[in-house]
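Summary of structural features
Below are the chains, spelled out letter by letter.
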Amino acid sequence: MRTVLHEAAELGQSVWLDTISRDLILSGGLERWIEQGVVGVTTNPSIFEQAIANTKDYDGEIAAMAREGREAAEIYEVLTLREVGSAADILRPVHERTRGLDGYVSLEVNPLLASDRESTVSEAKRLFAALDRPNVMIKIPATPEGVEALEDCIAAGVNVNSTLIFSEAQYASVAEGYIRGLEARALQRLPLAVASVASVFVSRVDTAVDKLLAARGETALLGKTAIDGIRATYRRFRDIFSGPRWDVLAGPARGARVQRPLWASTGTKNPAYSDVLYLETLIGPDTVNTVPPKTLTAFLDHGRAERTLDAAPDGTLAKRLAELGIDLDAVCSTLLSDGLSAFESSFRSLLLAIEEKMRP
């Protein structure tokens, strides 16, 4: 079955599915997505909250583990490791067919550790070892401490999905952390076949900036900030992963792969915009787009795959935002803080829901 996802792949973009659930795995739903061109899966605490807390799919297992005397946090880990491991097994043929480029499933570290470098590294190593599969990535929020943890994990051979990136500067720090991690491995003469993506969030930027623009009556700029920022970030990506420093790592003797930018939060939140806006406008080589099911269904139905990322960023947009008193760096900083808070809230709510389901 040839779809628009296969056409995007021919242009260099991999499409991953941004959800996971017991039903998706047991019903054959993930295999059907793969047949249509999906080549990876991402998860986060909010997705697991929806899957575990808001369905009855896991109630029997939770009750059984509670009778064994297990705590809510341990039950959460057992369930999430099982789901991620099962999805990774289903995607393993994709991983092998693409020679390690795709076929990954991401699992996030405990979001409460986002400001603790050493604990994040320890948790990432433990989860990666527990899953014991080559096609798993551990998600680490791109806080300053998280970027340092990314570097340590790459140096240790742990595949990493660096998440909650909102600005070009934040992205650049993540990419540099990845390269430093590879350089540390190279100094130890260790293989550089460590996989990583940098998850840059898209629609949340427009949602935040559009509110500020609308308040100032600047409707002509609505829906443009996020795409403009992604195109600038993509140019930064191509600059970072080129030149003598990168060539040393990527040459035949080393074989390192670029840390691909991954466009996240690509479901359209404003009904006034196209429901495939953040897919059609962000296609280019060496990228990933992780997409929620509803948006992916729309893209399969009426989306078009064309190389669109190369369009130059609008050099006047940032200037106009500044003239309007909109501090884009401050907006992105707030979005990072809000994203962390949302994941922490989902994590805590999920543990409370498990505790509720544990009661006889």
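Residues numbered from 1 in each chain as written. Predicted model: local features only at pLDDT ≥ 70, side-chain atom pairs only at ≥ 80, totals over all residues. Heavy atoms only, no water.

Comments concerning the overall build of the chain
Per the secondary structure count, the chain includes 16 helices and eight strands. The C-alpha radius of gyration of the chain comes to 20 Å, within 12% of the 21 Å expected for a compact globule of 360 residues. Summarising its shape, the C-alpha atoms of the chain cover approximately 60 × 50 × 45 Å along the three principal directions. Counting all 360 residues of the chain, 55% fall into the buried class. Here the contacts in the chain between residues at least 6 apart in sequence split such that 76% fall between residues at least 24 apart. Element-wise, carbon and sulfur atoms account for 51% of the exposed surface of the chain, whose accessible area totals about 15,400 Å². Side-chain charges of the chain comprise 39 positive and 50 negative groups, with the mean position of each set lying 3 Å from the other. (Helix = DSSP H or I, 4+ residues; strand = E, 2+ residues; numbered from the N terminus. Rg over C-alpha atoms; globule rule 2.2 N^0.38 Å. Buried < 20%, exposed > 50% of the residue type's maximum accessible area, 1.4 Å probe, protein only. Contact = heavy atoms within 4.5 Å. Areas by Shrake-Rupley, 256 points an atom, 1.4 Å probe, with all protein chains shown as cover. Lys, Arg positive; Asp, Glu negative; His and termini not counted. Charge placed at Lys NZ, Arg CZ, Asp CG, Glu CD.)

Examining the nonpolar core
Counting 120 residues, the largest nonpolar core has Ile138, Tyr171 and Phe241 as its most contacted members. Among residues more than four places away in sequence, those in contact with Ile138 are Leu107, Val109, Ala124, Leu127, Phe128, Leu131, Val158, Asn159, Val160 and Asn161. (Core = buried A, V, L, I, M, F, W, Y, C linked by side-chain atoms within 4.5 Å.)

Considering the packing of helix α9 (residues 168–187) against helix α11 (residues 225–240)
Angle between the axes and distance between the axes: these two values describe a pair of packed helices. Direction vectors running N to C along α9 and α11 enclose 25 degrees, while the axes themselves pass 10 Å from each other. Here α9 lies roughly parallel to α11, going by the angle between them. The handedness of the crossing between α9 and α11 is right-handed. Facing Glu168, Tyr171, Ala172, Ala175, Glu176 and Ile179 of α9, the residues of α11 in contact are Ala232, Thr233, Arg236, Phe237 and Ile240. (Axes fitted to C-alpha atoms, helices over the stretch in contact; angles between N-to-C directions. Parallel < 35°, antiparallel > 145°, perpendicular 65-115°, else oblique. Left-handed = near helix turned anticlockwise from the far one by under 90°.)

A short note on the environment of Ile165
Tracing the backbone shows Ile165 in strand β5 (residues 160–165). Setting aside chain neighbours within four positions, we find Ile165 in contact with Ala142, Gln170, Tyr171, Val174, Ala198, Ser199, Val200 and Phe201.

Quick word on the environment of Gly37
Position of Gly37 among the secondary structure elements: in the loop between α3 (29–35) and β2 (40–41). A relative accessible area of 10% means that Gly37 is categorised as buried. Along the chain, Gly37 and Ala149 lie 112 residues apart, while their C-alpha atoms are 32 Å from each other. Those residues in contact with Gly37 that sit more than four places away from it in its chain are Leu5, His6 and Val15.

A closer look at the pattern of salt bridges
On inspection of all chains with the given rule, the structure shows 24 salt bridges. For the salt bridge of Glu61 with Arg82, the shortest nitrogen-to-oxygen distance reads 2.0 Å. Here Glu61, found in helix α5 (residues 59–67), pairs with Arg82, found in helix α6 (residues 72–97); they are 21 residues apart in sequence, far enough to count as distant. Residue Arg82 is classed as partly exposed on the basis of its relative accessible area, which comes to 40%. We note a salt bridge from Arg126 to Glu77, for which the minimum N-O separation is 2.7 Å. With a gap of 49 residues between them, Arg126 in helix α7 (residues 117–131) and Glu77 in helix α6 connect regions that are remote in the sequence. Here the salt bridges share partners, and the residues they tie into one network are Arg22, Glu61, Arg82 and Glu83. (Salt bridge = Lys/Arg side-chain N within 4 Å of Asp/Glu carboxyl O.)

Some details on the packing of aromatic side chains
Tallied over the full model, the rule gives seven aromatic pairs. Residues Tyr76 and Phe347 carry aromatic rings whose centres are separated by 5.2 Å and whose planes lie at 85 degrees to one another, so their mutual orientation is edge-to-face. Taken together, the residues span a long stretch of sequence, with Tyr76 in helix α6 and Phe347 in helix α16 (residues 328–358) at a distance of 271 residues. Comparing Tyr76 with Phe347, the two get one shared label, buried. Through a chain of ring-to-ring contacts, three or more aromatic side chains come together here, namely Tyr178, Tyr234, Phe237, Phe241 and Trp246. (Phe/Tyr/Trp six-rings, centres within 6.5 Å; stacked < 30°, edge-to-face > 60°.)

A few points about the pairing of strand β4 (residues 136–141)
Counting buried residues in β4 gives six out of six residues, a clear majority hidden from the surface. Judged by which residues are buried, β4 turns out to be covered on both faces: Val136, Ile138 and Ile140 on one side and Met137, Lys139 and Pro141 on the other are all buried. The sheet contact formed by strand β3 (residues 104–108) and β4 spans four bridges and is parallel. Note that in β4 the partner of Glu108 across the bridge is Lys139. Where the polypeptide runs from β3 across α7 and back to β4, its parallel neighbour, the crossover connection is right-handed. (Pairing = 2+ DSSP bridges. Right-handed = clockwise from strand over helix to strand, strands pointing away.)

A closer look at the side chain of Arg231
One can find Arg231 in helix α11. Here Arg231 occupies a buried position and makes no salt bridge, while the nearest side chain of opposite charge, Asp228, is found at 6.5 Å. Apart from the residues lying within four places of it in its own chain, the contact partners of Arg231 are Thr281, Thr308, Leu309, Ala311 and Pro313.

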